[in-house]
Amino acid sequence: PLPRPRRVHGPAVRGAPAEVSPVVSCVLLCSVCGSPVIQKFYPRTVPLSLPDKRQLSLTGLVGLLVGSAILHLMEPDFYKTLVPSPLRRWSAEIVAMSAAAEFGCASLLLLPPTRRLGAVATGWLFVAVFPANVQAVRDGGMAAAPYPLDTPAVAWLRLPLQVLLVLWALSIRHACRHGTTCA
């Protein structure tokens, strides 16, 4: 495993995810921002232009997916508690598959030729993880999370948030239909 950076600003919060190494952060940032290396292999990839709201939305969704996938791999025990009760026997496999699906959706969203497919896949991924949010509600919150994320109120708030995430993914698909983000 990668060495963990030394904390500078006080003690760690119980249950907080570990930091991502600077190398991983740099690679992810370069891939999202259309670095020359990425453009060499995928010449149709367009670097970000921050004033474009659609491009910013796309970048945010890719960042959310990649960040979530990294957290699934770095803190699998936390996510295992969110696996619905009937599937807990396979919780490790489900958490790993969830991370792989998030990386896959992010990869599809990055490349213009596959962006529309990636948006649909991301929408379905957000629908597929909805039962985990229902399980958090049934458990009365996310016990492994720090306060206030462990409260029942936050668990309930995650349910409508999941609907917004699906709509966000579908908005990328809609933009692709009009050719503004996929070219």
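Draft legend 1. Inspection of the confidence of the model for the protein at higher detail. Taken residue by residue, the protein gives an average pLDDT of 77. The fraction at 70 or more is 68%. Here residues 5–37 scores under 50 on pLDDT; set against residues more than four positions off or in separate chains, the count is 36 contacts.

Draft legend 2. Representation of the layout of surface pockets in the model. Each pocket or cavity is described by its volume, and for the largest pocket that value is around 1,100 Å³. The wall of the largest pocket is formed by 39 residues, among which Ser68, His72, Tyr79, Leu82 and Arg158 lie closest to the centre. Counting only elements with at least two residues in the lining of the largest pocket, the list comes to α3 (53–74), α4 (76–80), α5 (91–110), α6 (115–128), α7 (130–138) and α8 (152–177). By residue class, the composition of the lining of the largest pocket is 29 nonpolar, seven polar and three charged.

Draft legend 3. Representation of the side chain of Thr122 within the structure. Examined against the element boundaries, Thr122 turns out to sit in helix α6. Exposure remark for Thr122: the relative accessible area of 0% places this residue in the buried category. Polar contacts involving the side chain of Thr122 include one to the main-chain carbonyl oxygen of Gly118, which spans 2.6 Å.

Draft legend 4. Spotlight on the environment of Gly67. Relative to the helices and strands, Gly67 is located in helix α3. Judged by its relative accessible area of 30%, Gly67 falls in the partly exposed class. Separated by 32 residues in sequence, Gly67 and Ala99 place their C-alpha atoms 9.7 Å apart.

Draft legend 5. Geometry of α3. Taking 1.5 Å as the rise per residue, α3 with 22 residues should run 32 Å; its terminal C-alpha atoms sit 31 Å apart, in good agreement. Those residues of α3 that fall on the buried side of the exposure criterion are Gln55, Leu58, Thr59, Leu61, Val62, Leu65, Val66, Ser68, Ala69, Ile70 and His72.

Draft legend 6. Looking closely at the nonpolar core. Grouped together as the largest cluster of nonpolar side chains are 16 residues, with contacts concentrated most on Leu61, Val62, Leu65, Leu109, Phe126 and Ile172. When contributions to this core are tallied by element, the ones reaching two or more residues are α3, α5, α6 and α8. Considering every element that reaches this core, the biggest residue donor is α3, with six residues. Tyr79, Val83, Val95 and Val137 belong to the second largest nonpolar core, which has 12 residues in total.

Draft legend 7. Main features of the packing of α3 against α5. Relative to each other, α3 and α5 sit at 155°, their axes nearing to 8 Å. Our classification of the angle between α3 and α5 gives roughly antiparallel. For the crossing formed where α3 meets α5, the hand is left-handed. On the side of α3, the interface is formed by Leu58, Leu61, Val62, Leu65, Val66, Ser68, Ala69, Ile70, His72 and Leu73, while α5 contributes Val95, Ser98, Ala99, Glu102, Phe103, Cys105, Ala106, Leu109 and Leu110. Each residue belonging to the contact of α3 with α5 can be placed in one class, and the counts come to 15 nonpolar, three polar and one charged.

Draft legend 8. Looking closely at the pattern of salt bridges. Under the counting rule described, the total for this entry stands at two salt bridges. A salt bridge links Asp77 to Lys80, with the nearest nitrogen and oxygen atoms 3.5 Å apart. A residue pair is termed a helical-turn pair when its members lie 3 or 4 positions apart in one helix, as Asp77 and Lys80 do in helix α4 at three residues. Residue class for Asp77 comes out exposed when judged on its relative accessible area of 56%. Owing to a relative accessible area of 26%, Lys80 belongs among the partly exposed residues under this scheme.

Draft legend 9. Structural context of the packing of aromatic side chains. Taken as a whole, this structure holds one aromatic pair when the rule is applied. Their ring planes at 85° and their centres at 5.0 Å tell us that Phe78 and Tyr79 sit as a pair that is edge-to-face. With a relative accessible area of 19%, Phe78 lands in the buried category.

Thresholds, definitions, all that
- Residues numbered from 1 in each chain as written.
- Predicted model: local features only at pLDDT ≥ 70, side-chain atom pairs only at ≥ 80, totals over all residues.
- Heavy atoms only, no water.
- pLDDT = per-residue confidence, 0-100.
- Contact = heavy atoms within 4.5 Å.
- 1 Å grid on protein atoms, 1.4 Å probe; cavity = no way out; pocket = protein on both sides within 12 Å on 5 of 7 lines; lining within 4 Å.
- Points joined across faces, edges and corners; volume = space filled by probe spheres on them.
- Helix = DSSP H or I, 4+ residues; strand = E, 2+ residues; numbered from the N terminus.
- Nonpolar A, V, L, I, M, F, W, Y, C, P; charged D, E, K, R; others polar.
- Buried < 20%, exposed > 50% of the residue type's maximum accessible area, 1.4 Å probe, protein only.
- Polar contact = N/O pair within 3.5 Å; in protein donor to acceptor, adjacent residues only side chain to side chain.
- Expected span 1.5 Å × (residues − 1).
- Core = buried A, V, L, I, M, F, W, Y, C linked by side-chain atoms within 4.5 Å.
- Axes fitted to C-alpha atoms, helices over the stretch in contact; angles between N-to-C directions.
- Parallel < 35°, antiparallel > 145°, perpendicular 65-115°, else oblique.
- Left-handed = near helix turned anticlockwise from the far one by under 90°.
- Salt bridge = Lys/Arg side-chain N within 4 Å of Asp/Glu carboxyl O.
- Phe/Tyr/Trp six-rings, centres within 6.5 Å; stacked < 30°, edge-to-face > 60°.

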